[in-house]
Amino acid sequence: MSAVIDIAALAEQLRRVTVEVTDGGELLGSGVLWPPGFVVTNAHVVRRREVALRLVDGRLVQARVLARDPDADLALLGVPGTGLPSATLAEPGSVRIGSFVAAVGHPLGVRGALTTGIVCAMGPIDRSGRPWIQADLRLAPGNSGGPLADAAGHVVGLNSRAAGPLALAVPMDQVKHFVRDARV
Amino acid sequence: MDGLQSLSNDLAAAVERGGRAVFSVAGRPRLASTGVHWRPGLVVTADHTVHADEDVTITGPDGRALTARVAGRDPTIDIAVLKVDAPGVPVADVADSQAVRVGHIVLALGAGPRASWGVVSSIGEGRRARGPAPELLHLDLTLYPGFSGGPLVDTQGRVVGINTSGASRHWHLAIPASAVNRVVDELMRRGHIPRAYLGVSTQPVRLPEPLRQRHGLDQPTAVIVVEVQPGSPAAAAGLLIGDVIVSLGANRITDPTDLKATLRPERVGESITASVLRGGEAKELQVTVGERPRRG
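Residues numbered from 1 in each chain as written. Chains lettered and ligands numbered in written order. Predicted model: local features only at pLDDT ≥ 70, side-chain atom pairs only at ≥ 80, totals over all residues. Heavy atoms only, no water.

**Brief notes about the sheet that holds strand β5 (residues 65–74) of chain B**
Residues and elements named next belong to chain B.
Piece 1. In space, the six strands of this closed barrel follow the order β1-β2-β3-β6-β5-β4, with antiparallel pairing throughout. Between one strand axis and the next, the sheet turns by 45° as a mean value, whatever way the strands run.
Piece 2. Alignment of strand β1 (residues 22–26) against strand β4 (residues 56–59), held across three bridges, turns out to be antiparallel. Looking at β4, one finds that Ala26 is bridged to Thr57. (Pairing = 2+ DSSP bridges. Helix = DSSP H or I, 4+ residues; strand = E, 2+ residues; numbered from the N terminus. Axes fitted to C-alpha atoms, helices over the stretch in contact; angles between N-to-C directions.)

Structure, rendered in structure tokens:
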């Protein structure tokens, strides 16, 4: 393996599409700029109609909650204005057990923190049958709603919660369904 | 392709390759553990995860449930070997665990498959950390529930050890493949895994400074013989109550755990030198390691 492993570049790429979801200066969680003009995050991150988003360049923008599904733990926010970058999603079905993944978010208020790991398993963890990407990767409060991405920086899931040392992320195809069903 | 992408592909391929020989082992209530198809018809797992000897249900990577029985156990290194008829399930590619170095990237696999990754953080026992075997691989990775008994694989998916939490949350260890091979070889040679014994009961004892100086010993403690079973290898060698055993072969004996760890199954029949202190004088005795009579 002679090629260079540049995790810093990967982190930078992900920070550009990761927002900080705040309310009156209080950090609520993270979010992903996707699709263009929108932000997806967890429903448990946004409990009000309106929130403020802090972008990687420090700008604060107001966002409205357009759709929210507490069962799927997903929310869609509208971001006014154009020119914001948008995340690239991984090809469907490209996630393999053992493949490298990286998470960016604001765990415990640490802005743009990167954690890395591998995909541990995919599928349900309990009788609810909800599928998860289970990653061998550390998450902390503040990571919720942030991107889980592959080695190319393409988003594969939204980090939602931790089960001990295991990270649980909503697979991006679920997020796609949710956004499509929101019909906005 | 960039380096990270290629590492990622290597890791996923290693999981796929290593996972082909992985079984789910339902050997205890609630939490199934993991096993590895080590040699044709022999599945290795962690001894502490298999409670019964007969009718152990194991599930192959293809989802087929099979019935296995315990062919042998080596509790001292937490290894159990199950006998099963598993045609069609590939045998693991077992690598030379001597080639493993501190810092190598490794993956722990659980049935499913599931995977976690990390590095080898140290090899061999720490000075105080007492483990059940020498050359243990200490891992900087998470062994998730059910990972015990599963393979530790290198980035090429080759098995370098068997993972065990050692029935403790704080241990993330792997028994090196070389130690597992020795146990499996014994099983194939004898038809069972013998339990080595000397026939002594011992207690730890502190060595007084003058005694240590006189005999050039740097260990602070040793074990004192408090019982010699009649007719045992120890009795035949002439060990007496009150003898202080300071070493056995090349192994220093600082407490009874060391004695147990030295008595590996493959040493049955071997003649080893016991260095003892008797009445303050150094003495060497030749003792032939015996096999503890089997129950039933």
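Past the structure itself, the notes keep going.
**Section: the interface of chain B and chain A**
Accessible area lost during the coming together of the parts is what is often quoted as the interface size.
Piece 1. Contacts between the two partners involve 24 residues from chain B and, on the opposite side, 24 residues from chain A.
Piece 2. Between chain B and chain A lies a buried interface of about 1,800 Å² when both sides are counted; carbon and sulfur atoms form 64% of it.
Piece 3. When the buried area of chain B at its contact with chain A is split by residue, B:Leu4, B:Trp117 and B:Tyr144 rank highest and sum to 34% of it.
Piece 4. For the pair chain B and chain A, the interface holds one salt bridge. (Contact = heavy atoms within 4.5 Å. Buried area = accessible area lost by both parts, 1.4 Å probe. Salt bridge = Lys/Arg side-chain N within 4 Å of Asp/Glu carboxyl O.)

**Re the pattern of salt bridges**
Piece 1. Counted under the stated rule, the structure contains 22 salt bridges over all chains.
Piece 2. The salt bridge partner of A:Asp23 is A:Arg48, with a shortest N-O separation of 2.7 Å. Of the two residues, A:Asp23 sits in strand β1 (residues 18–23) while A:Arg48 sits in the loop between β3 (38–41) and β4 (50–54), which places them 25 residues apart along the sequence.
Piece 3. Given a relative accessible area of 23%, A:Asp23 falls into the partly exposed group.
Piece 4. B:Glu186 is the salt-bridge partner of B:Arg189, the closest N and O atoms lying 2.9 Å from each other. (Buried < 20%, exposed > 50% of the residue type's maximum accessible area, 1.4 Å probe, protein only.)

**Looking at the side chain of B:Arg39**
All names here are of chain B.
Piece 1. Relative to the assigned elements, Arg39 resides in strand β2 (residues 33–39).
Piece 2. A polar side-chain atom of Arg39 sits 3.0 Å from a polar atom in the side chain of Asp185.
Piece 3. When sequence neighbours within four positions are dropped, the list of residues in contact with Arg39 reads Val91, Asn181, Val184, Asp185 and Met188. (Polar contact = N/O pair within 3.5 Å; in protein donor to acceptor, adjacent residues only side chain to side chain.)

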